[in-house]
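# Breakdown of the fold
Each chain, letter by letter, is given below.
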Amino acid sequence: MSEESRHPFLKGLSKHRGAQPTIITIFGASGDLCARKLVPAIYNLAVDNLLPADFYLIGYGRKPIPDEEFREVCTEAISKFSRRKLDKDIWKRIEEHTYYCSGGYDELAAFEKLKAKIDSIEKDLGRAAQSVCYVSTPPSVFEPIIKNLGACGLATKYQETDKHTKVVVEKPFGKDLASAQNLNRVIQGVFQERQVYRIDHYLGKETVQDLLVQRFANSIFEPLWNRQYVENVQITVAESLGVGTRGGYYEQSGATRDMIQNHTMQLLALMAMEPPSSLNAESIRDEKVKLLKAIEPLNTDYANPDVIRAQYDEGLVDGLKVPGYRQEQGVSTESETETYCALRLNINNWRWQGVPFYLRSGKRMSRRVTEIAIQFKRPPSTLFSKNESLSLASNTLVYQIQPDEGSTVLLNAKIPGLQTRTQPVKMHFKYSTTFGSNTPEAYERLVLDAMIGDGTLFIRGDETEASWNLITPLHEFWASEGRRGMEAYTSGSWGPRAADRMLWANNDEWRRP
Ligand code: NDP
Ligand code: BG6
């Protein structure tokens, strides 16, 4: 049986095999993301026969690394991180087309050398090739890289044709509204918007894409998807991991910049936006922007705040004792950086006004889980005696984004017996049962989409600005408050009590995922 017929993900994608010759250059190729995600993604695309026949990989970084050494690093990365075992024959075809260019990110002469390398590959090939420039460095050097891609002529190469250069920009896209606006200006000064792919890897997750299908390919949900029927919506993006070796980065970022501004807000936008007029990139992005702009500014008043921030203390995770955040490597003992953030949002539009949306994300929480739970209003109790009606649970629709991908509906059912007693029961759909396991990683889909020029699962400049517009006042407020209002939670728990109180104020409570 061919791989294509075994996995539904691959159906219909074979048409991309004939895609034009492509040269991917990864800036920051000696880094963590390149090894853990990007090279394995490229390898798995090769296994699925989704790369063009003429495919080239160039790593770029400051330290000189011979081509041979970079090839070895890539081979090791595949052996260690790929979801499928290294098949040397498949990898060899790409390995032979893998090179390394070194130079500073602000060094124009080095970018000119890179362009010369790309030109010489095309010359040997005897055909034009599109360039995909993947910016996988810390954000501090996004700007010089973009400017040098313009200055060396790569940005405008084949600009008016379908072989135009594409630039993929990693997150975080800025650190506040002003810096995101500035980065957008820099990018737009060099590239046309259709060349730009701002990445949020959550959009590449199969289950996140499935949200659109669940919502708009089924007719039973839409009539219920509004303030008449929905009591509240809860989006949880919890990790059991701590900051690990990324303390230096995380101190500048915190949960709100690292997870809420991007991944969590994207889940919210897809869940709550209006139906787009088509599934093309612009229609979907237009709806997401409209939704993000409809969110009311957050109230930071300590008496009844819409936001709770907290840091993890030491505790037990998976049975192991772990240190508190301020004892982690690279973290200040006086740190004012939040590792947990919970928000209560009001979306001021016709569909959602008055429905609280609760978002939370944190490190070192009880377990790794990402889910969207839609809690419906309780049914009227006329058919049941007063006491029994009290035990009627709300119907809840839960999308499990990860792990255990799937969805669940909680319904009230009759407990067998002579009395009429009810109990919540679950109706499950599990991805792995229906479609098999070994689902492609988000980065596979996103690297492929950038290569074939499909921006649907990437973020437009105004989307990221709309999201920063909500979050930036929070950071300004926190900066003025120091550690005031910083809550604590035990590692391995579901977050601080203050986050529970925020929901109790609305007579709601967090679901236990
Ligand atoms: P790294 O810290 O590993 O940096 C990548 C490379 O950039 C380094 O190998 C180094 O290459 C260069 N670099 C590092 N620090 C600097 C600096 N201060 N100035 C200039 N160059 C520097 O980052 P990651 O690979 O972890 O992440 C890359 C990007 O992807 C970031 O924007 C990150 O936010 C984003 N991201 C990462 C994820 C992950 O899991 N790692 C997940 C989601 C997003 P050299 O010295 O060879 O030039
Ligand atoms: C990244 C964050 O964007 O997403 C990390 O920088 C986080 O801090 C990661 O751990 C989570 O991604 P995933 O796909 O493992 O949920």
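These lines cover the structure that appears in this document, whether it is placed above or below. (Residues numbered from 1 in each chain as written. Chains lettered and ligands numbered in written order. Predicted model: local features only at pLDDT ≥ 70, side-chain atom pairs only at ≥ 80, totals over all residues. Heavy atoms only, no water.)

### Quick look at the overall build of the protein
Across its full length, the protein carries 15 helices and 17 strands. Computed over C-alpha atoms, the radius of gyration of the protein comes to 24 Å, within 12% of the 24 Å expected from 2.2 N^0.38 for 513 residues, which places it in the range of a compact globule. Along the first, second and third principal axes, the C-alpha atoms of the protein reach 80 × 55 × 45 Å. When each of the 513 residues of the protein is scored for burial, the buried share is 55%. Accessible surface computed for the protein: about 22,700 Å², of which carbon and sulfur atoms make up 51%. Positive and negative side-chain charges in the protein, numbering 64 and 65 respectively, have mean positions lying 3 Å apart. (Helix = DSSP H or I, 4+ residues; strand = E, 2+ residues; numbered from the N terminus. Rg over C-alpha atoms; globule rule 2.2 N^0.38 Å. Buried < 20%, exposed > 50% of the residue type's maximum accessible area, 1.4 Å probe, protein only. Areas by Shrake-Rupley, 256 points an atom, 1.4 Å probe, with all protein chains shown as cover. Lys, Arg positive; Asp, Glu negative; His and termini not counted. Charge placed at Lys NZ, Arg CZ, Asp CG, Glu CD.)

### Let's talk about the pattern of salt bridges
When their charged atoms lie close together, side chains carrying opposite charge are able to pair. Under the definition given, this model contains 31 salt bridges. The residue E441 makes a salt bridge to K37 at a minimum N-O spacing of 3.2 Å. Of this pair, E441 sits in the loop between α12 (431-435) and α13 (442-452) while K37 sits in helix α2 (residues 32-47); the two residues are 404 residues apart in sequence, bridging distant segments of the chain. By relative accessible area, which is 34% here, E441 ends up partly exposed. (Salt bridge = Lys/Arg side-chain N within 4 Å of Asp/Glu carboxyl O.)

### Concerning the environment of V289
Following the sequence through the fold, V289 ends up in helix α10 (residues 281-293). In this structure, the C-alpha to C-alpha distance between V289 and S467, residues 178 residues apart in sequence, is 8.6 Å. Setting aside anything within four residues of it in sequence, one finds V289 in contact with R460, D462 and E463. (Contact = heavy atoms within 4.5 Å.)

### Observations regarding the packing of aromatic side chains
Applying the stated rule across the entire model yields 18 aromatic pairs. Here Y60 and F111 contribute two aromatic rings whose centre-to-centre distance is 5.2 Å and whose plane-to-plane angle is 50°, an arrangement assigned as tilted. With Y60 in strand β2 (residues 55-61) and F111 in helix α5 (residues 108-125), the pair connects residues that are 51 residues apart, well separated along the chain. The exposure class assigned to F111 is buried, which follows from its relative accessible area of 0%. Ring geometry for Y340 against Y489: centres 5.4 Å apart, planes inclined by 55°, an arrangement best described as tilted. In this pair, Y340 is assigned in strand β11 (residues 340-346) and Y489 in strand β17 (residues 486-490), connecting sequence segments 149 residues apart. For the pair Y340 and Y489, one class covers both residues: buried. One aromatic cluster is present, formed by Y250, Y312, Y325, Y340 and Y489 through successive ring pairs. We note K117 situated over the ring of Y99; from NZ or CZ to the ring centre the distance is 3.9 Å. (Phe/Tyr/Trp six-rings, centres within 6.5 Å; stacked < 30°, edge-to-face > 60°. Lys NZ or Arg CZ within 6 Å of the ring centre and 35° of its normal.)

### So, the pairing of strand β15 (residues 406-415)
Working note: regular strand, side chains alternate between the two faces of the sheet. Here strand β14 (residues 396-402) runs beside β15; their pairing, made up of five bridges, is antiparallel. If you follow T396 over to β15, its bridge partner there is L410. Hairpin geometry of β14 and β15 is characterised by an intervening segment of three residues between the two adjacent antiparallel strands and by a positive phi of about 50° at D404. Both β15 and strand β16 (residues 421-430) contribute to a ladder of 10 bridges, which runs antiparallel. Across the sheet, I415 pairs through a bridge with R421, a residue of β16. Counting the residues that bridge the hairpin from β15 to β16 gives five residues, and of these G417 lies at a positive phi of roughly 145°. (Pairing = 2+ DSSP bridges.)

### Examining the site of ligand 2
Every residue near ligand 2 is listed here: K171, H201, Y202, K205, E239, R246, D258, M259, H263, K363, R368 and Q402. One nitrogen or oxygen atom from the side chain of R246 is found 3.0 Å from an oxygen atom belonging to ligand 2. Top element by residues in the shell around ligand 2 is helix α9 (residues 247-272). It accounts for three residues. Grouping the constituent residues of the shell around ligand 2 by class yields two nonpolar, three polar and seven charged. (Near = heavy atom within 4 Å. Polar contact = N/O pair within 3.5 Å; in protein donor to acceptor, adjacent residues only side chain to side chain. Nonpolar A, V, L, I, M, F, W, Y, C, P; charged D, E, K, R; others polar.)

### Here we look at the environment of T22
Mapped onto the elements, T22 comes out in strand β1 (residues 22-27). Linking T22 and E122, residues 100 residues apart in sequence, is a C-alpha distance of 9.7 Å. Contact partners of T22, with chain neighbours within four places excluded, come to P52, D54, F55, Y56, A129, Q130, V132 and M451. Looking at T22, its side chain comes within polar contact range of the side chain of Q130, at 3.1 Å.

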